[in-house]
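The lines below spell out each chain.
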There are 2 protein chains.
Amino acid sequence: MPQVRPMRADARRNYERLLKVAAEAFAEHGENASLDDIAKRAGVGSGTLYRHFPTRQALLEAAYVDRIEALGTRADELAEELPPYEALMEWLNELCVATIQVRGLKSLLGSAVTDGGSVAMTACGTSVKGAATRLVGAAQAQGALRADLEPIEVLRLAHGVATASELANGQGREIRRYLTLLTEGLRPER
Amino acid sequence: MPQVRPMRADARRNYERLLKVAAEAFAEHGENASLDDIAKRAGVGSGTLYRHFPTRQALLEAAYVDRIEALGTRADELAEELPPYEALMEWLNELCVATIQVRGLKSLLGSAVTDGGSVAMTACGTSVKGAATRLVGAAQAQGALRADLEPIEVLRLAHGVATASELANGQGREIRRYLTLLTEGLRPER
DNA sequence: ACCTGAACACCGTTCAAGT
DNA sequence: ACCTGAACACCGTTCAAGT
């Protein structure tokens, strides 16, 4: 294993300032926040930003790893507190809320469940996919969920629910309803 | 009613060239195709483009009215050919296919079902919403669909299904499956 | 080794001048 | 009345020069 040589002090300082400012900028202006602006607000040249984060995706990912990994650990909490099916539903709900309310997170979570999305998603993708696999598996083992569902399909459909709720209104007021419609189906109760 | 005074010959020619070129450009480069490029390819100054289409939305809308109104009339065809529930499902399927495959259509259909989306959607929004209202109403009258569903909710959820399918793969291979999952629900068959 | 910031390319939008 | 295209503002990206 090649040692990860430590960053020079000024490099590390810049790296951290960039991350902090980027998180703020994405929160304020969405995922298309101006990169030049981020560099300026962090007090570094634009070249420095590109040195640390070659693509917008890379910066977005770095700015939100924590948020995304929190979703992973949250899954385990819920799995302990609630029965499998309820745990899954509550987690999907929180996932959708984050998708809509944390600006900049949506495209990231989207590309994490995109097929053929190349290498891009590493840390952040696996965290969410791992959580989904555990929760979906547990619910299926109880017979509370269709056995033919792949975890990634559930994630994609949840992303769809988040999108639908976003159309309904900027906040996530419709998430619960649309999730219920998805799980219960659009056909009438029998 | 104020007469719509006819366009000057050169204005009309430019208008039509712009629409034709715009449709091609959106198809080729997606909804973010360069406006400057469209003007150049149409052989007009960029100011002319802005005179006819003050916003990108306006141009997108004008370029796709036909496509969208075809979806409306298609609904009526299906209503004649098939029983209500099947007609709705087939229409939603075709709607999702168009959403994914016709580049540039997605944002337009999205904003047509967005709450608080201001005035933007006129012709194209009403066409789709009218179709949905007829098909959903007929299916509900037969007891084949939950009675508490609003047509616009069905459209939003269909948009969500299209989004989910898009994540699964660029084409629409998963649309049927995801639509079925939505209508039947994620819970196991009983 | 890392940073800076000027330079370049590109795009959207406006508007004075032209017909 | 309508068109043209230069001009402006803004952004992403690269890279030579600097420490």
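These figures come from a predicted structure and were not determined experimentally. (Residues numbered from 1 in each chain as written. Chains lettered and ligands numbered in written order. Predicted model: local features only at pLDDT ≥ 70, side-chain atom pairs only at ≥ 80, totals over all residues. Heavy atoms only, no water.)

Participant: Sorry, what's going on with the packing of aromatic side chains here?
Facilitator: A ring pair, where both rings are aromatic, is described by two values, the distance of the centres and the angle of the planes. Overall, the coordinates contain 3 aromatic pairs over all chains when judged by the stated rule. Just above the ring of B:Tyr85 sits the side chain of A:Arg187; from NZ or CZ to the centre is 3.8 Å. (Phe/Tyr/Trp six-rings, centres within 6.5 Å; stacked < 30°, edge-to-face > 60°. Lys NZ or Arg CZ within 6 Å of the ring centre and 35° of its normal.)

Participant: What is the right way to look at the pattern of salt bridges in this model?
Facilitator: What the rule picks out here adds up to 30 salt bridges over all chains. Among the ionic pairs, B:Lys20 bridges to B:Glu24, the shortest N-O distance being 3.8 Å. Residue B:Lys20 and its partner B:Glu24 are both found in helix H1 (residues 9-29); the two are separated by 4 residues, about one turn of the helix. B:Glu90 is the salt-bridge partner of B:Arg176, the closest N and O atoms lying 3.1 Å from each other. Of the two residues, B:Arg176 sits in helix H9 (residues 175-184) while B:Glu90 sits in helix H5 (residues 84-101), which places them 86 residues apart along the sequence. Residue B:Glu90 is classed as buried on the basis of its relative accessible area of 19%. Several salt bridges converge on common partners, so that one network encompasses A:Arg146, A:Asp148, A:Glu153 and B:Arg177. (Salt bridge = Lys/Arg side-chain N within 4 Å of Asp/Glu carboxyl O. Helix = DSSP H or I, 4+ residues; strand = E, 2+ residues; numbered from the N terminus. Buried < 20%, exposed > 50% of the residue type's maximum accessible area, 1.4 Å probe, protein only.)

Participant: Help me understand the protein's contact with DNA strand C in this model?
Facilitator: Lining the immediate environment of DNA strand C, one finds 20 residues, of which A:Arg8, A:Asn14, B:Leu35, B:Tyr50 and B:Arg56 sit closest. Between DNA strand C and A:Gly45 there is a distance of 2.9 Å, counted from a phosphate oxygen to a backbone nitrogen or oxygen. In this structure, a phosphate oxygen belonging to DNA strand C sits 2.9 Å away from a side-chain N or O atom of A:Thr48. Looking at the surface near DNA strand C, the elements that each hand over two or more residues are helix H1 (9-29) and helix H3 (46-52) of chain A together with helix H2 (35-41) and helix H3 (46-52) of chain B. The dominant element in the surface near DNA strand C, judged by the number of residues it contributes, is H3(A), at 5 residues. Here the residues of the surface near DNA strand C sort into 5 nonpolar, 10 polar and 5 charged. (Near = heavy atom within 4 Å. Polar contact = N/O pair within 3.5 Å; in protein donor to acceptor, adjacent residues only side chain to side chain. Nonpolar A, V, L, I, M, F, W, Y, C, P; charged D, E, K, R; others polar.)

Participant: Sorry, what's going on with the interface of chain B and chain A here?
Facilitator: When the parts come together, some accessible area is lost, and that loss is often what is quoted as the size of the interface. Residue-level contacts link 33 residues of chain B with 33 residues of chain A. Summed over both sides, the interface between chain B and chain A buries roughly 3400 Å², with carbon and sulfur atoms accounting for 59% of that surface. At the boundary of chain B with chain A, the tally comes to 6 salt bridges. Where B:Arg177 meets A:Glu153, a salt bridge forms, and the shortest distance between an N and an O atom there is 2.7 Å. Mapped onto the side of chain B that touches chain A, the elements with two or more residues apiece are helix H8 (151-168) and H9 of chain B. In terms of residue count, the dominant contributor to the side of chain B that touches chain A is H8(B) (9 residues). Partitioning the side of chain B that touches chain A into residue classes produces 14 nonpolar, 8 polar and 11 charged. (Contact = heavy atoms within 4.5 Å. Buried area = accessible area lost by both parts, 1.4 Å probe.)

Participant: Whenever I open this one, the UniProt feature "domain: HTH tetR-type" (unreviewed entry) in chain A confuses me. Can you help?
Facilitator: UniProt's feature table lists "domain: HTH tetR-type" (unreviewed entry) at residues 12-71 of chain A, given in the numbering used throughout. Taken end to end, residues 12-71 of chain A is 80% helix and 0% strand, and its first and last C-alpha atoms sit 27 Å apart. (UniProt positions renumbered as here; feature names shortened; annotations may be inferred.)

Participant: What am I meant to see in the relation of the copies chain B and chain A here?
Facilitator: Mapping between the two copies of the chain is achieved by a rotation about an axis and a shift along the axis. Each copy of the sequence occupies a distinct position, and chain B is placed on chain A by a rotation of 180° and an axial shift of 0.0 Å, giving an RMSD of 0.0 Å. On the angle and the small slide along the axis, the relation comes out as a two-fold axis. When the interface residues of chain B are mapped onto chain A, 100% of them again lie at the interface, so the same face is used by both copies. (Least-squares fit on C-alpha atoms with pLDDT ≥ 70 in both.)

Participant: I'm lost on the protein's contact with DNA strand D in this one. Help?
Facilitator: Near DNA strand D you find 20 residues, and of these A:Tyr50, A:Arg56, B:Arg8, B:Asn14 and B:Gly45 are the closest. Protein-proximal atoms of DNA strand D, defined as those within 4 Å of the protein, fall in sugar or phosphate at a share of 64%. In the model, a phosphate oxygen of DNA strand D is placed 2.9 Å from a nitrogen or oxygen of the A:Leu35 main chain. Within the backbone of B:Gly45, a nitrogen or oxygen atom sits 2.8 Å from a phosphate oxygen of DNA strand D. The dominant element in the surface near DNA strand D, judged by the number of residues it contributes, is H3(B), at 5 residues. A class-by-class count of the residues in the surface near DNA strand D yields 5 nonpolar, 10 polar and 5 charged.

Participant: What should I look at first to understand the packing of helix H8 (residues 151-168) of chain A against H8(B) in this one?
Facilitator: The relative placement of two packed helices is expressed as an angle between their axes plus a distance between the axes. Two numbers describe how H8(A) lies on H8(B): the axes approach to 7 Å, and their chain directions differ by 140°. By the angle between their directions, the pair H8(A) and H8(B) is classed as oblique. Along this stretch, H8(A) crosses H8(B), giving a crossing that reads as right-handed. Between H8(A), through A:Arg156, A:Leu157, A:His159, A:Gly160, A:Thr163, A:Ala164, A:Leu167 and A:Ala168, and H8(B), the contact on the second element is made entirely by B:Arg156, B:Leu157, B:His159, B:Gly160, B:Thr163, B:Ala164, B:Leu167 and B:Ala168. Classifying every residue of the contact of H8(A) with H8(B) by side-chain character gives 8 nonpolar, 6 polar and 2 charged. (Axes fitted to C-alpha atoms, helices over the stretch in contact; angles between N-to-C directions. Parallel < 35°, antiparallel > 145°, perpendicular 65-115°, else oblique. Left-handed = near helix turned anticlockwise from the far one by under 90°.)

Participant: Got a minute to help me understand the side chain of B:Arg156 in this structure?
Facilitator: By the secondary structure assignment, B:Arg156 is in helix H8. Setting aside its immediate chain neighbours within four residues, B:Arg156 contacts A:Ala164, A:Leu167, A:Ala168, A:Tyr178, B:Val113 and B:Asp115.

Participant: Could you clarify how one ought to interpret the nonpolar core in this entry?
Facilitator: One recurring pattern in soluble globular proteins: nonpolar side chains tend to sit buried together. Judged by nonpolar contacts, the single largest core of 125 residues is most densely connected at A:Ile38, A:Trp91, B:Ile38 and B:Trp91. Apart from residues lying up to four places away in sequence, A:Ile38 is in contact with A:Leu18, A:Val21, A:Ala22, A:Ala25, A:Phe26, A:Leu49 and A:Leu59. (Core = buried A, V, L, I, M, F, W, Y, C linked by side-chain atoms within 4.5 Å.)

Participant: How should I be thinking about the side chain of A:Arg146 in this particular structure?
Facilitator: Examined against the element boundaries, A:Arg146 turns out to sit in the loop between helix H7 (123-141) and H8. Judged by its relative accessible area of 13%, A:Arg146 falls in the buried class. A distance of 3.1 Å separates the side chain of A:Arg146 from the side chain of A:Asp148, its partner in a polar contact. Setting aside chain neighbours within four positions, we find A:Arg146 in contact with A:Gln140, B:Leu181, B:Glu184, B:Gly185, B:Leu186, B:Arg187, B:Pro188 and B:Glu189.

Participant: For this particular structure, what's the right way to read H9(B)?
Facilitator: Since there are 3.6 residues in each turn of an α-helix, residues three or four apart along the chain are aligned in direction. The complete set of buried residues in H9(B) reads B:Ile175, B:Tyr178, B:Leu179, B:Leu181, B:Leu182 and B:Thr183. In this structure, the buried side of H9(B) is in contact with H8 and helix H9 (175-184) of chain A together with H5 and H8 of chain B. Phi turns positive, to about 95°, at B:Gly185, one or two residues after H9(B).

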